[in-house]
Amino acid sequence: MEIKLLGTLTANFAQHAWTPSAAKHRQVLALLALRARRTVPVWELVDELWGDRPPRSAQATLQTYLMQLRRGIAAAYGPDGAIRAKEVLATAHGGYVLNAAPGQVDALEHESLVSAGLAAARARDHRLTSQLLNQALALWRGDVLFDVPLGPVLQVEVLRLQESRLSAFEICVAADLALGRGIEVLARLTELTARYPLHERFHLQLMLSQYQAGRMWQALETYRRLHTRLVTELGLEPSEAVREAHQRMLRGDSPQPSMVIGDLDWSMPIEVANAPLHRCGPTWHGEAPAPRHPAVSRGSRACADPVHTRSAHRQGDVTGSG
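Everything in this summary refers to the structure shown in the same document. Not measured: the values here are computed from a predicted model.

Secondary structure assignment for the protein yields twelve helices and eight strands. Every one of the 322 residues in the protein was classed for burial, and the buried ones make up 52%. Surface exposure of the protein reaches about 13900 Å², of which carbon and sulfur atoms provide 53%.

In structure tokens, the structure reads:
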């Protein structure tokens, strides 16, 4: 079994591709896959499909959707498919469970790799941190659940994955800078700061990357641009770490990658490890739309590369940004 969620929804059972085409069937499969090996209560599935206005026949309709999902899975498995389908998509007390291992669902594999990468970061093993987080980021093929309608439950899951990806990218770049890979991450940070113009740590990382590449004038220009945006749009000065890096460059002192590494709180979950500097302003709420997540390239030894994703949100999509 293999289910991919970090992009378009695709599913393979017994090496046979089968992905439901109906919108609500895709929602159900996506939510069950994100909660693999955990029971998803009936009420949560109903909430995802119909929000606060479920029809009177909601539970019966949901059972029909699940029966049709099992039928499709059974067809993919072949002669013994009916039995296998009930094992894969099982009925549990009060809900349903998809019996898939973490390695069989790309979103869960991403979370496992990010967790391992964060542990390596806490141990200050920059090379292993970069390797693990690069592998996690390489799983992304595009916007999360790009072709799946998002109800209220999946919206929260998508936001969580987006933030996990952003934080993983940030820590991965910090590890690469500590390894002296400033030139390698320069283009990637240039794109990230363009996508997230109020994200202070990405700008700080870009300044250090430009400095490592011998482009101090560009680093100073990056600071000036960030300072102008923060003051104009939010009425805020850059954080102390950003100001200190700028002052050290003006004095001719060499800013160290530890300025990026040192202020990350490795004891916190990956989703909030960037809180001290992450002032993204209103971009999560549509005034200045950002991509749902920058997807990444495969095969780079430095932190994976963001690529172009959609510039606007779908109607009724999450109030967030990749």
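There's plenty left to go through after this.
Of note, E170 is situated in helix α7 (residues 152-178). Here E170 falls in the buried class, since its relative accessible area comes to 1%. There is a polar contact of 2.2 Å between the side chain of E170 and the side chain of R201.

So, about the packing of aromatic side chains. What describes a pair of aromatic rings is the distance from one ring centre to the other and the angle between the planes of the rings. Scanning the entire structure with this criterion turns up four aromatic pairs. With a centroid separation of 6.3 Å and an interplanar angle of 25°, the aromatic rings of W50 and Y65 are classed as stacked. Of this pair, W50 sits in helix α2 (residues 42-50) while Y65 sits in helix α3 (residues 58-77), and the two are 15 residues apart along the sequence. Like W50, the residue Y65 is buried in the burial classification. Clustering of aromatic rings is evident, with ring pairs tying together F13, W18 and Y77.

About the cut-offs
- Along each chain, the written sequence defines residue order, and numbers are assigned to residues from 1.
- Since the coordinates come from a predicted model, pLDDT governs what is reported: local features require at least 70, and pairs of side-chain atoms require 80 or more to be given and counted, while whole-chain, interface and lining totals use all residues.
- Heavy atoms from the whole structure form the basis of all side-chain values; hydrogens and water molecules are not counted.
- Strands here are runs of E lasting at least two residues and helices are runs of H or I lasting at least four, both read from the DSSP assignment and numbered beginning at the N terminus.
- Categorising residues by exposure relies on relative accessible area from a 1.4 Å probe, with only protein chains included: less than 20% of the type maximum marks a residue as buried, more than 50% marks it as exposed, and the intermediate range marks it as partly exposed.
- Only the protein chains shown count as cover for residues, and all accessible areas are computed by the Shrake-Rupley method using a 1.4 Å probe.
- Counted as a polar contact is a pair of N or O atoms within 3.5 Å, where, for protein atoms, one must be capable of donating a hydrogen and the other of accepting one, and residues adjacent in sequence contribute only when both atoms are in side chains.
- Pairing of aromatic rings covers Phe, Tyr and Trp, the last through its six-membered ring, and needs centres within 6.5 Å; plane angles under 30 degrees mean stacked, over 60 mean edge-to-face, and all others mean tilted.

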